[in-house]
Amino acid sequence: MSLHAELVSCLRAAWLSGKTRPMEYRMAQLEALGRFLGEKHQDILEATAADMGKATQLDSAFIRKDPYGVVLIIGPWNYPINLLLVPLIGAIAAGNCVVMKPSEISRNVEKLVAEMLPRYLDQECFAVVTAGVQETTRLLENKFDYIFFTGSPSVGRIVMTAAAKHLTPVTLELGGKNPCYVSDTCDVQNVARRVAWGRFFNAGQTCVAPDYVLCSVEMQEKLLPALREAITEFYGPNPRESPDFARIVGDRQFQRVQALLGSGRVAIGGETDAEARYIAPTVLVDVQQEDPVMQEEIFGPILPILTVASMDDAIAFMNARERPLALYVFSSCKKVVSRVLECTSSGGFCANDTIMHMTLMSLPFGGIGQSGIGHYHGRSSFETFSHRRSALLRGAGREALNTLRYPPYSPSRLPLLRAATEHRRTSCTLL
Amino acid sequence: MEYRVAQLEALGRFLDEKKQDILEATAADMGKPPFEAEFSEILLCKNELHETLNNLSTWMKDEHVDRNLVTQLDSAFIRKDPYGVVLIIGPWNYPIHLILVPLIGAIAAGNCVIVKPSEMTKNSERLVAEVLPTYLDNDCFAVVTAGVQETTGLLENKFDYIFFTGNPTVGRIMMTAAAKHLTPVTLELGGKNPCYVSDTCDVQNVARRVAWGRFFNAGQTCIAPDYVLCSVEMQEKLLPALSKAIAEFYGPNPQESPDFGRIVGDKHFQRVQKLLGSGRVAIGGQTDEKERYIAPTVLADVLPSDSIMQEEIFGPVLPIVTVANVDEAIALINSHEQPLAVYAFSSDDKVVNQVLERTSSGGFCGNDTLMHVTLTSLPFGGMGTSGLGMYHGKFTFDTFTHHRGCLHRSMGREALNTLRYPPYSQHKLGIVRAASEVKRKGACTLL
């Protein structure tokens, strides 16, 4: 028996009853979510702090937006509230029932969500389940009507393979190595701050963080002191003592990231403390393509710099790798920005800053290739969880018009039928 | 854009210059009447082509989006990027249309494409494999022919998008293969499309519209009405009306009508023939194995447990299942997998709306069959086992486009950014909140 099969089927019964469809119902649930965020604000801060040391996210023809039914949302550990709640908001708004599975790695938030969140929502239609790897595999044996997953590409494959058995549509928000090309024409100190902010926020555990920098040898020489200055501005002379710098979520992840410090040479930072799971804001230089730090998404506070001879080399370097979730360019020259945008492919793109593109709700947020399938945020979330059902309501009469299409067929009728249904190619369109 | 337009125009020339070849190939493959072939395989494709060519420049443009206070001075837009190398696998029932319409969108969106036509319709397969490439740039577009085994091998390649039309069983195989490479998919599958006929309707009109949808292409249409649900009284009226419509369409002996198709192959012929055992034959029922002819048939008194109700019919057989009322009809519809289309016939708008409201399906049509998919402004796609994704018109372009969120900020104006940098403070948080928050609209909004 699939894990939670009974729960899923209860939700399905609620779904079939049509409870989640009226707008008033959805509003009530969404307002309750708002109260959760408001009333449990402090608890959320404390739980996330305990987990990762975070400082305090007619004829009538129309398209009907139908809910899918019972949706499964699987959240990751790095932004455990945001990356569960934002999809949840879209799923509720679109009229679905939802099963949420928060990450078991961010234990405190998992507990908070499992115990507190259901009290704010209608438990007939919304449920939180807790599950580790094995149990999640069994949970996925159930038939869901939509699965929304945020996590790594390797688990993304497992989720999509499980979804394929039931032909369940999916959105997969995955990851990759987000390149950051810094051209020679830029304000180095501004670049250093914006890149450092994006890299070290949440101790680097952000899917859209700049993963590595590509720049010329000359730019590297200027960037290093600028990065050093930015890090000191942000975290003081000893980041370990700063209340504004986070920790790695768990021992396993700490060891994984620590191992990457062996690549190239440490130019800034490099200190670690296993007990506190602290890794200093670090910059590596003399990194080669084959080095371990370039073989996986870093997801930690380490920024490798690789030098390239030209913008075209940088573009070729980026295109030789899997398509990332985000691609960054820093340049005062519009042509450089346009060319990089034009010649590369990525989930999203930001010029002259990092991460900020995903804070704008009017931009769809999602990956391409290994970095993901589908997108959400703002209206995109609603559309992700809605099935666009085409509807044509014809009149019961007016049969005379229909006879054109009925047998017995005569070639003479085709021109009439063509005229009645065609779209002419307009030659005067401004193309 | 010029490149895409040139390729698309070449497709248009293919449809014009090879029209006769298309009609002959589909006639040879499944006895498709030329009128049906011209309407479905040529005319509808040209509509899609023209719609695309008329609007391509608009669709391709960067879409600028609303900005918040923080990004007010920046450039924020959605760039329409192609996916890369797309695989389109076509079915046998409308072998030209169901390859070409997705192909139009894939080209319009700037992708390279591999097309795999169905091996079941040999003449159409040969036409597509030999003639289509002569119209397109062979550097970027190719046609491969493959049977079941070879298709499995083909799927081991990494594609950037897979568009599949076929049955749900193979759909699962497609999606599983795609999952290995995290390749996004659109699956246009099928199901049993219910057709509810209420007691308040013009029976003769209903009979014609349902018969047309059911018997077009000898029933081999993914959106054909698969079974009728109505009251016992309505069944009594519908039967003579259907009999009359069938005679109007195909004459007293449909086997002699040039306007009625044949079953595509022996395996399918035998499969559909077996289904004739359900209920009782009220109209038709004759078969001719040599011609793969199955007469336009209506089965009455069919039970939900009968074998004909266990699979998509995909043949010229229309079972009628009687129900007590619209609630029972809706319950029966909802007890099945979500179909590609739901049909409801009633002169009473309320009844049509009830069925629309309380069921779930790819698409819906009130008081007619099939017609909703001829409108390029309506998305065409399934739900649940009837499919994933949608296309037609702009939706095809969007299907094959990656919507890339882009933000272009200034290299300067750093003072604004310092608010978000550490060292953090409550004061800074307050300003960041004020600068970026979206307030809930006032209580006086008209909800």
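Quick caveat: nothing in here was measured; it's all calculated off a predicted structure.

Calculation criteria
Residues numbered from 1 in each chain as written. Chains lettered and ligands numbered in written order. Predicted model: local features only at pLDDT ≥ 70, side-chain atom pairs only at ≥ 80, totals over all residues. Heavy atoms only, no water. Contact = heavy atoms within 4.5 Å. Buried area = accessible area lost by both parts, 1.4 Å probe. Salt bridge = Lys/Arg side-chain N within 4 Å of Asp/Glu carboxyl O. Polar contact = N/O pair within 3.5 Å; in protein donor to acceptor, adjacent residues only side chain to side chain. Helix = DSSP H or I, 4+ residues; strand = E, 2+ residues; numbered from the N terminus. Nonpolar A, V, L, I, M, F, W, Y, C, P; charged D, E, K, R; others polar. Pairing = 2+ DSSP bridges. Axes fitted to C-alpha atoms, helices over the stretch in contact; angles between N-to-C directions. Expected span 1.5 Å × (residues − 1). Buried < 20%, exposed > 50% of the residue type's maximum accessible area, 1.4 Å probe, protein only. 1 Å grid on protein atoms, 1.4 Å probe; cavity = no way out; pocket = protein on both sides within 12 Å on 5 of 7 lines; lining within 4 Å. Points joined across faces, edges and corners; volume = space filled by probe spheres on them.

A separate point is the interface of chain A and chain B. On the side of chain B, 110 residues touch chain A, which itself brings 108 residues to the contact. Taking both sides of the interface into account, the surface hidden between chain A and chain B amounts to around 9000 Å²; carbon and sulfur atoms contribute 58%. Along the contact surface separating chain A from chain B lie 14 salt bridges. B:Arg209 is paired through a salt bridge with A:Glu399; the nearest N and O atoms lie 2.8 Å apart. One can count 51 residue pairs in polar contact (both at pLDDT 80 or more) joining chain A with chain B. Considering each element in turn, the side of chain A that touches chain B owes the most residues, 8 residues, to helix H7 (residues 153-165) of chain A. Looking at side-chain class alone, the side of chain A that touches chain B contains 49 nonpolar, 31 polar and 28 charged residues. As paired strands, strand S15 (residues 348-351) of chain A and strand S18 (residues 401-408) of chain B are joined by 4 bridges and run parallel to one another.

Ordered in space as S1(A)-S17(A)-S16(B)-S15(B)-S8(B)-S9(B)-S14(B)-S13(B)-S10(B), the 9 strands form an open sheet in which the pairing is mixed. With partners counted over all chains shown, the strands left at the sheet margins are strand S1 (60-67) of chain A together with strand S10 (280-283) of chain B, one partner each. Each strand of the sheet is rotated relative to its neighbour by a mean of 25°, with strand direction disregarded. Sheet analysis places strand S8 (residues 194-197) of chain B next to strand S15 (residues 341-345) of chain B, joined by 3 bridges and oriented parallel. From the neighbouring strand, B:Tyr196 faces S15(B), where its bridge partner is B:Ala344. This element, helix H8 (residues 203-215) of chain B, spans S8, strand S9 (227-230), strand S13 (297-300), strand S14 (317-322) and S15 of chain B of the sheet and lies at about 130° to S14(B).

Let us look at helix H8 (residues 188-200) of chain A. Along an α-helix, residues three or four positions apart point the same way, because every turn accommodates 3.6 residues. All names here are of chain A. With 13 residues, H8 extends 18 Å between its outermost C-alpha atoms, agreeing within 8% with the 18 Å of an ideal straight helix rising 1.5 Å per residue. H8 sits mainly inside the fold: 13 of its 13 residues count as buried. Downstream of H8 by a residue or two, Asn202 has a phi angle that is positive, lying close to 60°.

Looking now at empty space enclosed by the protein. Residues and elements named next belong to chain B. Here the largest cavity defines a volume of roughly 260 Å³. Looking at the largest cavity, it is lined by 16 residues, and the ones nearest its centre are Leu44, Tyr94, Thr221, Ile223 and Val373. Elements represented by at least two residues in the lining of the largest cavity include exactly helix H3 (34-60) and helix H4 (97-108). Per element, the largest residue contribution to the lining of the largest cavity is 3 residues, and it comes from H3. Tallied by class, residues from the lining of the largest cavity come to 11 nonpolar, 5 polar and no charged. Put simply, the second largest cavity is a space of about 50 Å³. Leu44, Asn47, Glu48, His97, Val373, Thr374, Leu375, Thr376 and His392 together form the lining of the second largest cavity. At 3 residues, the largest contribution of residues to the lining of the second largest cavity is made by H3. Of the residues belonging to the lining of the second largest cavity, the class tally is 3 nonpolar, 5 polar and 1 charged.

This part takes up helix H7 (residues 168-181) of chain B. All names here are of chain B. Between its terminal C-alpha atoms H7 stretches 20 Å, which fits the 20 Å expected from 14 residues at 1.5 Å a residue. When H7 is considered as a whole, its buried residues turn out to be Pro168, Gly171, Met174, Met175, Ala177, Ala178 and Ala179. For H7, the N-terminal capping position is held by Asn167, with its side-chain oxygen 3.0 Å away from the main-chain nitrogen of Thr169. Of the residues trailing H7, Leu182 is marked for its positive phi of about 55°.

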